[in-house]
Amino acid sequence: MLTAPTGAGKTALVRELDPSRFEIISFDSRQIYKELSIGTAAPSSEDCEKIPHHLVSFLSPSESIDAAKFVTKAEDALDDILFRGKIPVLTAGTGFYLNAFLYGMFPVPKISEEIKLKVESLSMEERIQELKILDPKALQKIFPNDNYRYGRALEVNWMGTLWSELKVEEGSGALISKNLNILGAFFLDLDRKELYERIDSRARKMIESGMAEEAKRVSDKYGEDCPGLQSLGYNFALENIKGTSNLETFFGNLSQSHRNYAKRQITWFRKQKILEPIHPNEAYRKIKNING
């Protein structure tokens, strides 16, 4: 299992693993989308040809997916990899999907269509304001700007249950239900200066590779408010392609948003006792030498 903040080099590391022994299951809420590979830094087609990646670039930008459906797909991928005698490497940038897979799901009440439509009509700012009133603790558990998660929490609260007080159903995760044996659990812990330099470099590469043009193509096809374009940084890409920001502003906003996101990821990872902080070179050596 390999976790890392954005820009730390997780994709580059797993690309070097032996594909005859390993396959990747990605737990990333942004890299699930087709047509948005630049701004989400999704594994390239070359990466996926070199070593199989599961659960990347499979969903239309017009669609969203909840944790339960994602976990079902991850379980299917796990079974497939194990059936063929290979070792699955679980990679994650954020922990929500990974935790749901490993430890189990919250027993979320069935949401009425009326509540769903009511939540869909609210902007992200309005959802946050409602949660501040109904369930302020929920905001402490949701990564900032995760509009989908704000909506799910609000749906649960409007159905009469505090989202922040939901408990995982014991034994429902893969660690128990699949008798999963974790042979190594690592968190790529880079020096902050090095990480920020890598983030800056990646932000420049995203812009040079056409992130703004990618955002426009998807916006023209599915609408500016489609789920895929709610991913980190695409608001800045759309501003740039509309001419309301220049390249310097685009780069500054994109890089800073990724830095802020990385800080939140690091805070979360450091709280997970199962994860061993490690440098990428050491993580590669340990994963490569795993015998499954």
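In this text, all values refer to a predicted model and were calculated from it rather than measured experimentally. (Residues numbered from 1 in each chain as written. Predicted model: local features only at pLDDT ≥ 70, side-chain atom pairs only at ≥ 80, totals over all residues. Heavy atoms only, no water.)

1. Quick word on the UniProt feature "site: Interaction with substrate tRNA" (unreviewed entry) in the chain
Part 1 of the argument: According to UniProt, the positions carrying the feature "site: Interaction with substrate tRNA" (unreviewed entry) are Thr94.
Part 2 of the argument: Of note, Thr94 is situated in the loop between strand 4 (87-92) and helix 5 (96-103).
Part 3 of the argument: Judged by its relative accessible area of 11%, Thr94 falls in the buried class.
Part 4 of the argument: Leave out the neighbours within four places in its chain, and Thr94 touches Phe27, Ser29, Phe143, Tyr261 and Gln265. (UniProt positions renumbered as here; feature names shortened; annotations may be inferred. Helix = DSSP H or I, 4+ residues; strand = E, 2+ residues; numbered from the N terminus. Buried < 20%, exposed > 50% of the residue type's maximum accessible area, 1.4 Å probe, protein only. Contact = heavy atoms within 4.5 Å.)

2. Regarding the packing of helix 7 (residues 124-134) against helix 9 (residues 147-158)
Part 1 of the argument: Contact pair helix 7 / helix 9: the axes reach a minimum separation of 9 Å and the direction vectors enclose 45 degrees. In this view, helix 7 runs oblique relative to helix 9, as classed from their interaxial angle. For the pair helix 7 and helix 9, the sense of crossing is left-handed. Across from Met124, Arg127, Ile128, Glu130, Leu131 and Leu134 in helix 7, the residues of helix 9 making contact are Asn147, Tyr150, Gly151, Ala153, Leu154, Asn157 and Trp158.
Part 2 of the argument: In the contact of helix 7 with helix 9, the residues fall into eight nonpolar, three polar and two charged. (Axes fitted to C-alpha atoms, helices over the stretch in contact; angles between N-to-C directions. Parallel < 35°, antiparallel > 145°, perpendicular 65-115°, else oblique. Left-handed = near helix turned anticlockwise from the far one by under 90°. Nonpolar A, V, L, I, M, F, W, Y, C, P; charged D, E, K, R; others polar.)

3. Looking at the environment of Gln230
Part 1 of the argument: Residue placement: Gln230 occurs in the loop between helix 12 (211-222) and helix 13 (234-242).
Part 2 of the argument: According to the relative accessible area criterion, Gln230 is partly exposed, its value standing at 40%.
Part 3 of the argument: Sequence separation between Gln230 and Asp146 is 84 residues, and the spatial gap between their C-alpha atoms is 8.2 Å.
Part 4 of the argument: Ignoring anything within four residues of it in the chain, the contact list for Gln230 reads Glu224 and Asp225.
Part 5 of the argument: Within the structure, the side chain of Gln230 is placed 3.4 Å from the backbone oxygen of Asp225, a separation counted as a polar contact. (Polar contact = N/O pair within 3.5 Å; in protein donor to acceptor, adjacent residues only side chain to side chain.)

4. Observations regarding helix 7
Part 1 of the argument: If you check which residues of helix 7 are buried, you get Met124, Arg127, Ile128 and Leu131. Mapping the buried residues of helix 7 onto a view down its axis gives an arc of 100 degrees, with all of them on the same face. More than 90 degrees from the buried face of helix 7, the exposed residues found are Glu125 and Ile133.
Part 2 of the argument: Against the buried residues of helix 7 lie helix 6 (113-120), helix 8 (136-141) and helix 9. (Arc of directions from axis to C-beta.)

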